[in-house]
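# Chains, contacts and geometry: an overview
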Amino acid sequence: MEDMILHFEYEPVNVCSKLMVLDVDVETTEIIMVKIIGGCDGNRKAVASLVRGLTLQQAIYRLKGITCGSRKTSCGDQFAIACELTLKQIEEMKKEVDK
């Protein structure tokens, strides 16, 4: 699985963003690229810039549980969920390889 990049797309729920796209190094779980479609221009640029270079686990730790106004979630929280789902997919891919 060396030098393998996973492309993952997630449709966030209950936030202004419409789509979150990330490319992740499968071996290291480092976030290589992030693109967030829709929502606040500054927020999506900030989230994408701040998480690039982090591992999925680091991004989850930093963003999980953040709220936006009266909402119980936020674009950051939804990105953390996208990271959790990406991590789960990587773990499943590794299990298949180990079979």
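Scroll up a little and you will see the structure.
Conventions we followed
Residue positions are counted from 1 within each chain, in the order its sequence is given. Where totals are concerned, whole chains, interfaces and linings use all residues; where local detail is concerned, this predicted model gives features only for residues with pLDDT of at least 70, and gives and counts side-chain atom pairs only at 80 or more. Excluded from the side-chain calculation are hydrogens and water; included are all heavy atoms of the structure. Structural elements are reduced to axes, namely lines fitted to C-alpha atoms, with helices fitted over the stretch in contact, and the angle between N-to-C directions of any two is expressed from 0 to 180 degrees. Secondary structure follows DSSP: runs of H or I at least 4 residues long count as helices, runs of E at least 2 residues long count as strands, and numbering of each begins at the N terminus. For classification purposes, an angle smaller than 35 degrees is called roughly parallel, one larger than 145 roughly antiparallel, one from 65 to 115 roughly perpendicular, and anything else oblique. Left-handed describes a crossing whose near helix is turned anticlockwise from the far helix through less than a right angle; right-handed describes the clockwise counterpart. Residue contacts follow a heavy-atom distance rule, with two residues in contact if any of their heavy atoms lie within 4.5 Å. Classes in brief: Ala, Val, Leu, Ile, Met, Phe, Trp, Tyr, Cys and Pro nonpolar; Asp, Glu, Lys and Arg charged; the others, Gly included, polar. When a residue's accessible area, from a 1.4 Å probe over protein chains only, is under 20% of the maximum for its type it is buried; when over 50% it is exposed; and in between it is partly exposed. Whether two strands pair comes down to DSSP finding at least two bridges between them.

## Comments concerning the packing of helix H2 (residues 56–63) against helix H3 (residues 75–98)
The relative placement of two packed helices comes down to the angle between their axes together with the axis-to-axis distance. Where H2 meets H3, the closest approach of the two axes is 8 Å, and the angle between their N-to-C directions is 150 degrees. What the angle tells us is that H2 and H3 run roughly antiparallel. Regarding H2 and H3, the two cross each other, and that crossing is left-handed. Mapping the contact onto sequence places Leu56, Gln57, Ala59, Ile60 and Leu63 in H2 and Gly76, Asp77, Phe79, Ala80, Cys83, Glu84, Thr86, Leu87 and Ile90 in H3. Residue classes in the contact of H2 with H3 are distributed as nine nonpolar, three polar and two charged.

## So, the pairing of strand E1 (residues 5–10)
Because side chains alternate across E1, one face comprises the buried residues Leu6, Phe8 and Tyr10, and the other comprises Ile5, His7 and Glu9, none of which is buried. Hairpin connection of E1 to strand E2 (residues 17–25): six residues between the antiparallel strands, including Asn14 at a positive phi of 60 degrees.

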